[in-house]
Amino acid sequence: MSFKSCLIKCAYKLTPKKMVYWLVNSNLKGIVELIYYDINFDERKIHSKVHLEGEEGLIEVCLEDFSLIKYGDQYKLIIQQVQSNRPWLNEALTRFILGQEIKIPEQQIQLVQDLFSFKFPDSENK
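Keep in mind that this is a model prediction, so the values were computed, not measured.

Each value, and the rule that gives it
Residues numbered from 1 in each chain as written. Predicted model: local features only at pLDDT ≥ 70, side-chain atom pairs only at ≥ 80, totals over all residues. Heavy atoms only, no water. Helix = DSSP H or I, 4+ residues; strand = E, 2+ residues; numbered from the N terminus. Contact = heavy atoms within 4.5 Å. Pairing = 2+ DSSP bridges.

Undergrad: Would you mind showing me how to read the side chain of Ser84 here?
TA: Mapped onto the secondary structure, Ser84 falls in strand β4 (residues 74–84). Discounting residues that sit within four places of it in the chain, Ser84 has contacts with Glu60, Val61, Leu89, Asn90 and Leu93.

Right, dumping it as structure tokens:
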């Protein structure tokens, strides 16, 4: 595991959640309020609850089961499962996020691989 990924995981664990909420909510004021979040790097899950301006109740979004695939010299992230508690958002997430290949910049490959514990079978891959 790289030093940078260890540092990020450590910072995530040590950063008070109140600070994260304040930072996110101050930047997105009037649009969305972050109520809850959790990132599980080992299980590759991101869960959040937000209050979207104009919506009643909280919106929950859960992204799970990330895969990192290699095509030649490029790496791409694919989210295998995504769900929310709103039908309209489920539809949007399914159409625009689920199974879509998100290109990872080459300089960030090792970090993404380390953070989410991606392993490749042969030693040629990073």
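So, next bit.
Undergrad: How should I be thinking about the environment of Leu111 in this particular structure?
TA: Position of Leu111 among the secondary structure elements: in helix α4 (residues 109–115). The sequence separation of Leu111 and Trp88 amounts to 23 residues, and the corresponding C-alpha distance is 33 Å. Excluding anything up to four places from it in sequence, Leu111 contacts Lys4, Ser5 and Ile8.

Undergrad: Explain the pairing of strand β2 (residues 45–52) to me, please; I cannot follow it from the model alone.
TA: For a regular strand, side chains alternate in direction, first toward one face of the sheet and then toward the other. Bridge count for strand β1 (residues 32–40) against β2 is eight bridges, and the pairing is antiparallel. Bridge pairing in β2 links Ile39 to Ile46. Counted along the chain from β1 to the antiparallel partner β2, the turn is four residues long, and its residue Arg44 has a positive phi close to 55°. With six bridges joining them, β2 and strand β3 (residues 59–71) adopt antiparallel strand pairing. In the strand pairing of β3, Ile46 is matched with Leu63. Two successive antiparallel strands, β2 and β3, enclose a turn made up of six residues, where Gly54 displays a positive phi of approximately 95°.

None of this, on its own, says anything about what the molecule does.
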